[in-house]
Amino acid sequence: MNVFQNIENYRPQSKCILSIGTFDGLHIGHQKIIKKLVKLAGEHDQAATILTFFPHPRRVLQKERELKLIDTLDEKKKLLKTLGVDNLIIHPFSKSFSRLSAREFCRDILADQLKVGNLLIGYDHRFGKNREATTDDLITFGKLYDFTVQIIPAQLSNEITVSSTKVRKAIEEGDFEQVHQFLGRFFELQGTVIKGEGIGRTIQFPTANIQINESYKIIPPRGVYLVKVQTDSNRWGGMMNIGIRPTLEGENQTLEVHLFDCESDLYNKKLRISFLQKIREEQKFDSIEELKNQLEKDKEICKRTLTEKYLH
């Protein structure tokens with residue numbers, strides 16, 4: 001898959017078939033659209049091309065600075081590549097870009113710059129300055145500028161407009177079995193192992209402290225989770241704690257994962273952490289010994305659940 005950091009860098013030699021969207025989470029609705037895009041591209045001998053935007057338009061136009069995204073850009077790239085997309089264009093979204101008129105967008109961007117032959121778009125898609133134009137306008141401009149428009153049925157488009165919000169809500173509620181149903185895959189965090197205080201090792205629960213570099217990535221709520229963890233070459237089951245460690249009088253949120261049957265030195269390594277299930281809320285215990293006893297119970301629950309539900 002070819003990745004272009006803005007529209008100007010994409011210089012196609014022939015027509016493409018294009019779909020436009022933020023595609024946050026790439027949930028099962030998005031996947032249906034992209035599979036349709038790839039299928040049509042094959043039938044028309046055109047490149048399956050996605051135009052997406054970063055930052056998220058809502059963070060720019062509606063000033064939703066705290067809007068957290070389900071996937072980082074790197075995660076989105078890998079997922080789209082897996083789905084068979086040929087070209088991914090990640091255009092920097094800005095207020096000036098949003099002021100393009102519908103005609104300018106269709107003529108200058110879709111026809112002249114991107115060489116769109118076919119456009120696959122949602123039935124309620126609106127575009128241009130102040131979102132002034134509808135799909136009917138798009139069809140009219142398509143006839144004028146020599147591209148066809150295929151409208152995605154309402155049932156799929158509805159899934160796109162609501163389900164990214166549903167996924168975020170399920171993550172915020174710690175309902176990762178629901179998240180898995182929406183995404184068709186496990187929600188993941190990817191981060192680098194950094195030095196911690198080493199307290200876990202003193203109670204026979206060594207943990208890898210995780211640093212997430214992308215501040216816009218959604219983080220699950222405080223609690224203990226059953227997870228699967230992998231590096232480039234290894235895979236483990238584990239349990240993760242997200243929280244402030246109240247028993248230890250912590251103040252800053254940390255992300256720590258205890259890996260089952262792992263003797264490896266993981267400092268500075270990148271981990272992919274898949275969330276399977278929330279085990280319990282974060283709690284404050286009266287002593288370190290009580291905390292250790294609870295961790296033993298958590299580990300037993302996690303190992304049993306991993307074996308019974310997730311290892312096939």
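Residues numbered from 1 in each chain as written. Predicted model: local features only at pLDDT ≥ 70, side-chain atom pairs only at ≥ 80, totals over all residues. Heavy atoms only, no water.

### Overview of helix α3 (residues 73-82)
Of the residues making up α3, those classed as buried are Leu73, Glu75, Lys76 and Leu80. Mapping the buried residues of α3 onto a view down its axis gives an arc of 155°, with all of them on the same face. Away from its buried face by more than 90 degrees, α3 exposes Lys81 and Thr82. For α3, the secondary structure elements touched by its buried residues are α1 (28-44), β3 (47-54), β4 (87-92) and β7 (187-194). Phi turns positive, to about 100°, at Gly84, one or two residues after α3. (Buried < 20%, exposed > 50% of the residue type's maximum accessible area, 1.4 Å probe, protein only. Helix = DSSP H or I, 4+ residues; strand = E, 2+ residues; numbered from the N terminus. Arc of directions from axis to C-beta. Contact = heavy atoms within 4.5 Å.)

### A few points about the sheet that holds strand β9 (residues 223-230)
Taken in spatial order, the six strands line up as β7-β8-β11-β10-β9-β12 and close into a barrel, and their pairing is antiparallel. Neighbour-to-neighbour, the strand axes of the sheet open up by a mean angle of 45°, direction not taken into account. With seven bridges connecting them, β9 and strand β12 (residues 270-280) associate as antiparallel partners. Bridge assignment links Val229 to a residue of β12, and that residue is Ile273. Running over the sheet, helix α8 (residues 176-183) touches β7, β9 and β12 and is turned about 125° from β12. (Pairing = 2+ DSSP bridges. Axes fitted to C-alpha atoms, helices over the stretch in contact; angles between N-to-C directions.)

### Thoughts on the packing of aromatic side chains
Counted under the stated rule, the structure contains 13 aromatic pairs. Look at Phe97 and Phe105: their rings are 6.4 Å apart centre to centre, the planes differ by 85°, and that puts the pair in the edge-to-face class. For Phe105, a relative accessible area of 7% corresponds to the buried category. Taking the centre distance of 6.3 Å and the plane angle of 15° together, the rings of Phe141 and Tyr145 count as stacked. Of the two residues, Phe141 and Tyr145 both sit in helix α6 (residues 135-145), four residues apart, roughly one turn of that helix. Linked through ring pairs, Phe53, Phe93, Phe97 and Phe105 together constitute an aromatic cluster. Its end group placed over the ring of Tyr267, Lys195 keeps NZ or CZ at 4.0 Å from the ring centre. Sitting over the face of the ring of Phe260, Lys303 holds its NZ or CZ atom 5.5 Å from the ring centroid. (Phe/Tyr/Trp six-rings, centres within 6.5 Å; stacked < 30°, edge-to-face > 60°. Lys NZ or Arg CZ within 6 Å of the ring centre and 35° of its normal.)

### A look at the sheet that holds β3
The strand order β1-β4-β3-β2-β5-β6 describes an open sheet built from six strands, whose pairing is parallel. Since the sheet does not close on itself, it has two edges, and those belong to β1 (2-4) and β6 (148-152), each with one partner. Pairs of neighbouring strands in the sheet enclose a mean axial angle of 20°, with direction left out of account. Sheet topology places strand β5 (residues 116-122) next to β6; five bridges connect them, and they run parallel. Bridging across to β6, Ile121 finds its partner in Ile151. Seen against the sheet, α6 touches β5 and β6 and runs at an angle of roughly 175° to β5.

### What to know about the packing of helix α5 (residues 102-113) against α6
For the pair α5 and α6, interaxial distance at closest approach is 10 Å and the crossing angle is 50°. With respect to α6, the axis of α5 lies oblique. The two elements α5 and α6 meet at a crossing, and its hand is right-handed. From α5, Ala102, Arg103, Cys106, Arg107, Leu110 and Ala111 reach across to α6, where they touch Leu138, Phe141, Leu144 and Tyr145. (Parallel < 35°, antiparallel > 145°, perpendicular 65-115°, else oblique. Left-handed = near helix turned anticlockwise from the far one by under 90°.)

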